[in-house]
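In case you want the letters, here they are:
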Amino acid sequence: MQLQTEALHAGYDKDTQSTMAVPIYQTTAYEFRDVEHAANLFALKELGNIYTRLNNPTTDVFEKRFAQLEGGAAGLAGSSGMASIFYAIANAAESGDNIICARQLYGGTLTQASFTLKRFGISARYFDVQNPSEIEALIDDKTKAIFFETLTNPSIDVADIAAITAIAKKHGVLTIVDNTVATPVLCRPLEHGVDVVVHSASKYTTGQGLAIGGIMVERQGLVDFIKGNARYPQFNEPDESYHGLVYVDVPLPIFTLRARLSLLRDLGAVVSPFNSWLFIQGIETLSLRMREHSRNALAVAEFLESHPLVKKVNYPGLKSNANYANAQRYFENGMSSGLLSFEVENFESAKKIVDATKLFSLVVNIGDSKSIITHPASTTHQQLSQEELAACGVPSGLIRLSIGLEASEDLINDLKAALSV
Ligand code: PLP
């Protein structure tokens, strides 16, 4: 089935009421038929609902539907993108281990990897996403995951997914990829050898800036990669916290199962059923929206590229962009999503332009239907010196745009007017 059909139907058998819309199961707990039923659920002899921190029928549809869009075996929702990223990494690595991350990551992921994971005893080593050959020298026997973004925020690079997964496979290391900006409509990383995909559902999945949430999806057949792999004893040896369960012996998607039974159970950063329902609404129109975001962003990028006050435009859909070949290779028809950035003379001129736009909202978010403008040097990257800004590819005159679903002519006219102030 095509993705746009799955987006409307996957994961939902119309329930006993035959409701066309997926119902919101706003409940904390579920009644067991009897003691044996309860015992069977806890022992995984029977699958079913126990408590909403572990599972929920509305969230189940969101997880199944999203997993299907990614072409994966199973999904696990989290309370935010950051929570899902943490679950994926903490499922692969433990204290004393290391992970290898692309340097070009969303800022929150960078701080999680560099500071918070470090406090849990997991260290991060970094490679340049433009240069996957740096990875091999960083791998040792304590390396448990390679983490990168398909389409990076905010630097807007496109990863050479196959090159990275080839190195990971050679060394038996899991790859975890953040596919938030590309979404499964434009890019399906599991088809290029990735093991686990994570998302902030707060962006294009909800689509209208309505809710915070996240999701993790594991690929089909991941058990064959993990079974007997000395890097991952936590899946191959009995789990003391779950009456000695050996995950590789369970005939279910094991990466998701372990994250649900141990991490979701014990950390509890779970998505609310209402937010899952909002994500289901968003998914229904995701493929239409991603095409339109991409079409609009390309039109805006072409306009900016032709403007005399613009020094540089970063958008992988432009032929002039260094990421163009990867975008053509990995993205559906080369469509490159709604994120772009452009550089003007200096800090002051960038500030003036941002303040002068009328249709764009000054917001630190992306993936909304409404267009967003940000000036990283005065907000998200404020603490960095001129030299540090340049080193992470964020010059002080850089402006980031998240192109929404307005008419591209209106967006271009707004930018044209702001550039002439
Ligand atoms: N990944 C990417 C690429 C993001 O842009 C963001 C947030 O901006 C996140 C993850 C974190 O997601 P959330 O805000 O849902 O925790």
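Each residue is numbered by its place in its chain's sequence as written, counting from 1. Thresholds applied to this predicted model are a pLDDT of at least 70 for local features of residues and 80 or more for the giving and counting of side-chain atom pairs; totals over whole chains, interfaces and linings are not thresholded and use all residues. Hydrogen atoms and water are omitted, and side-chain values are computed over all heavy atoms in the structure.

Attention now moves to the domain arrangement of the protein. Here the protein is partitioned into domain 1 (3-281) and domain 2 (288-419). These domain boundaries are the output of an automatic or database domain assignment. On a C-alpha basis, the centroid separation for the pair domain 1 and domain 2 is 29 Å. We call two residues in contact when some of their heavy atoms are within 4.5 Å. Contact with domain 1, which involves 29 residues of that partner, is made by 30 residues of domain 2. Roughly 2500 Å² of surface becomes buried between domain 1 and domain 2 when both sides are summed, with 59% attributable to carbon and sulfur atoms. Summed over both partners, the accessible area (1.4 Å probe) lost when two parts come together is defined as the buried area. Interface area lost by domain 1 to domain 2 is led by Ile 156, Leu 186 and Tyr 204, which between them contribute 32%. Should a side-chain nitrogen of Lys or Arg be within 4 Å of a carboxyl oxygen of Asp or Glu, the pair is scored as a salt bridge. Across the contact surface, domain 1 and domain 2 share one salt bridge. Between Arg 329 and Asp 160 there is a salt bridge; the shortest N-O distance is 3.5 Å. Put simply, DSSP marks the helices as runs of H or I at least four residues long and the strands as runs of E at least two long, and each gets a number from the N terminus on. Those elements giving two or more residues to the side of domain 1 that touches domain 2 turn out to be α6 (161-170) and α7 (183-186).

The next subject is the environment of Ala 182. Examined against the element boundaries, Ala 182 turns out to sit in the loop between β5 (174-178) and α7. Assessed through its relative accessible area of 1%, Ala 182 is described here as buried. Apart from the residues within four sequence positions on either side, Ala 182 is in contact with Thr 150, Leu 151, Cys 187, Met 290 and Phe 331. Categorising residues by exposure relies on relative accessible area from a 1.4 Å probe, with only protein chains included: less than 20% of the type maximum marks a residue as buried, more than 50% marks it as exposed, and the intermediate range marks it as partly exposed.

A separate point is the pairing of strand β9 (residues 339-343). With respect to burial, β9 is a largely interior element, five of its five residues being buried. Across the two faces of β9 the burial is the same, with Leu 339, Ser 341 and Glu 343 and Leu 340 and Phe 342 all buried. As judged from the three bridges shared by strand β8 (residues 312-314) and β9, these two strands associate in the antiparallel manner. When the sheet's bridge partners are listed, Lys 312 is paired in β9 with Glu 343. Judged from the five bridges that link them, β9 and strand β12 (residues 398-402) form a sheet pairing that is antiparallel. Its bridge partner lying in β12, Phe 342 is registered against Ile 399. Any two strands with at least two DSSP-identified bridges between them are counted as paired.

Our focus in this paragraph is the state of the cysteines. What counts as a disulfide here is a pair of cysteine sulfur atoms lying within 2.5 Å. Applying the stated rule across the entire model yields zero disulfides. For Cys 187, which is in no disulfide, the shortest distance to another cysteine sulfur is to Cys 101 and amounts to 18 Å. With relative accessibility at 1%, the residue Cys 187 sits in the buried group.

With that out of the way, let us pick up the packing of helix α4 (residues 81-92) against helix α10 (residues 254-267). The description of two helices packed together rests on the angle between their axes and the distance between the axes. Axis angles are defined between N-to-C directions and span 0 to 180 degrees, where every axis is a line fitted to C-alpha atoms and, for a helix, only to the segment in contact. Their axes nearest at 10 Å, the elements α4 and α10 cross at an angle of 110 degrees. If you check the angle between α4 and α10, you find them roughly perpendicular. The handedness of the crossing between α4 and α10 comes out as right-handed. Contact with α4, carried on its side by Phe 86, Tyr 87, Ala 88, Ala 90, Asn 91 and Ala 92, involves Phe 255, Arg 258, Ala 259, Leu 263, Leu 264 and Leu 267 of α10 and no other residues of that element. What sets the label is the angle itself: under 35 degrees gives roughly parallel, over 145 gives roughly antiparallel, 65 to 115 gives roughly perpendicular, and the rest give oblique. Left-handed describes a crossing whose near helix is turned anticlockwise from the far helix through less than a right angle; right-handed describes the clockwise counterpart.

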